[in-house]
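# Chain and residue survey
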Amino acid sequence: MTKEHYISFIAYCTDERFEMIKLYPEGITEINFFNRGHGQILWYCNHHGLFSLKV
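Here is what the cut-offs are and how they apply
- Residue numbers restart at each chain and count upward from 1, following the sequence in its written direction.
- A pLDDT threshold of at least 70 governs which residues receive local features in this predicted model, and a stricter bar of 80 or more applies before side-chain atom pairs are shown or counted, although totals over entire chains, interfaces and linings include all residues.
- To obtain the side-chain values, all non-hydrogen atoms of the structure were used and water was disregarded.
- Each Phe, Tyr or Trp ring, with Trp reduced to its six-membered ring, pairs with another whose centre is within 6.5 Å; inter-plane angles below 30 degrees give stacked pairs, above 60 give edge-to-face pairs, and intermediate values give tilted ones.
- The secondary structure listing takes helices from DSSP runs of H or I that are at least 4 residues long and strands from runs of E that are at least 2 residues long, numbered from the N terminus.
- Partly exposed residues are those whose accessible area sits between 20% and 50% of the maximum for their type, while under 20% is buried and over 50% is exposed, using a 1.4 Å probe and protein chains only.

## Quick notes on the packing of aromatic side chains
Overall, the coordinates contain three aromatic pairs when judged by the stated rule. On the basis of an interplanar angle of 10 degrees and a centroid distance of 5.6 Å, the ring pair of Trp43 and Phe51 is categorised as stacked.

## Here we look at the environment of Glu26
In this structure, Glu26 sits in the loop between β2 (18-22) and β3 (40-45). Given the relative accessible area of 60%, Glu26 is considered exposed. Put simply, Glu26 and Met1 are 25 residues apart on the chain and 7.4 Å apart in space, counted from C-alpha to C-alpha.

Below, the structure written as structure tokens:
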């Protein structure tokens, strides 16, 4: 990631829980979420916008 192009946050959403991790351009993009069942992963890129993935 660079200061011009990076992922701002990653979130894991289920019916019962919302877990969000803020990321910084200087840091690493490796994160771990506990498996809490079916849900949706959201991430925001400062150039391309919001993305989602159902899991």
